[in-house]
Amino acid sequence: MGVRFYDEALVNRIKSWTKDSNLKVLSPDEVTRLFEIKADESNDEPLVLPFVALSRDRNINIDIAHKTSMSFDGLHVKSNLQKTLQLNAVPISINYQLDIYTRSYEEGDEYLRNFIFFLINYPKLTINIPYNDSNIEYECYINLLNSVSDNSDIAERLFPGQFTRWTLNLSISKAYLFSAPINRNYSIDGSLEIKEISK
């Protein structure tokens, strides 16, 4: 669908903010596996605290669900006599949940504070659109939603001992699904002859 480009960019952005080499950042794909019922426990490596888990809301809203000029005749990115690379877009809404798991409350509180400052002060997110080898960079923004939750009393049995979990909710503003078709350019060959008409 193309939402994975936002997932990858957001995970990489979070990793760039974490200077602690012990902190693992799990992508939405890894988080899905984390909470699945495991058929064979021996294949799963044990998780070590601290770690950050980014999950995406399973519902993605298509903000304009009908044909527009943006969806079928978008921006002409590159053009020559033979072809034109076009960038079409459909606006969408994507929501994420960022969970911070730590062994102690104090450690979690520090990670939480740092992430809040980074998300507020450096919200720009750059995604790469790879279709047709275009590698177009597009900038959007991470919005930190107002509430922060301490979910340390959750029932998931991830660890045998105690742990702390803080949750931040995020959304991406100006998110789009992109298409980058290459269209052939047509030209008319011919000559024009002008004759003078006598009166």
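The shown structure was predicted, so the numbers you read here are calculated from the model rather than taken from an experiment. (Residues numbered from 1 in each chain as written. Predicted model: local features only at pLDDT ≥ 70, side-chain atom pairs only at ≥ 80, totals over all residues. Heavy atoms only, no water.)

(A) Region of the structure containing the environment of Phe-5. The topology assignment puts Phe-5 in helix 1 (residues 4-17). On the basis of relative accessible area, Phe-5 is assigned to the buried category, the value being 11%. Separated by 172 residues in sequence, Phe-5 and Leu-177 place their C-alpha atoms 9.6 Å apart. (Helix = DSSP H or I, 4+ residues; strand = E, 2+ residues; numbered from the N terminus. Buried < 20%, exposed > 50% of the residue type's maximum accessible area, 1.4 Å probe, protein only.)

(B) Broad picture of the pattern of salt bridges. According to the stated counting rule, one finds four salt bridges in the structure shown. A salt bridge links Arg-56 to Asp-7, with the shortest nitrogen-to-oxygen separation between them at 2.7 Å. In this pair, Arg-56 is assigned in strand 2 (residues 51-56) and Asp-7 in helix 1, connecting sequence segments 49 residues apart. As a salt-bridge pair, Lys-124 and Glu-139 come within 3.8 Å of each other at their nearest N and O atoms. In this pair, Lys-124 sits in strand 6 (residues 124-129) while Glu-139 sits in strand 7 (residues 136-150), placing the two residues 15 residues apart along the sequence. Judged by its relative accessible area of 37%, Lys-124 falls in the partly exposed class. (Salt bridge = Lys/Arg side-chain N within 4 Å of Asp/Glu carboxyl O.)

(C) Geometry of helix 1. With 14 residues, helix 1 ought to run about 20 Å at 1.5 Å a step, and its terminal C-alpha atoms sit 20 Å apart, in line with that. Within helix 1, burial applies to Phe-5, Tyr-6, Asp-7, Ala-9, Leu-10, Val-11, Ile-14 and Trp-17. (Expected span 1.5 Å × (residues − 1).)

(D) View of the packing of aromatic side chains. As enumerated under the stated definition, the model contains eight aromatic pairs in all. Measuring from ring centre to ring centre gives 6.1 Å for Phe-118 and Tyr-122, while their planes differ by 45°; the resulting arrangement is tilted. When the ring of Tyr-138 is compared with that of Phe-178, the centres are 5.1 Å apart and the planes differ by 65°; the resulting orientation is edge-to-face. Taken as a pair, Tyr-138 in strand 7 and Phe-178 in strand 8 (residues 164-179) lie far apart in primary sequence, 40 residues in all. Residue classification places Tyr-138 among the buried positions, given a relative accessible area of 17%. The cationic tip of Lys-67 hangs over the ring face of Phe-72; the distance from NZ or CZ to the ring centre is 4.3 Å. (Phe/Tyr/Trp six-rings, centres within 6.5 Å; stacked < 30°, edge-to-face > 60°. Lys NZ or Arg CZ within 6 Å of the ring centre and 35° of its normal.)

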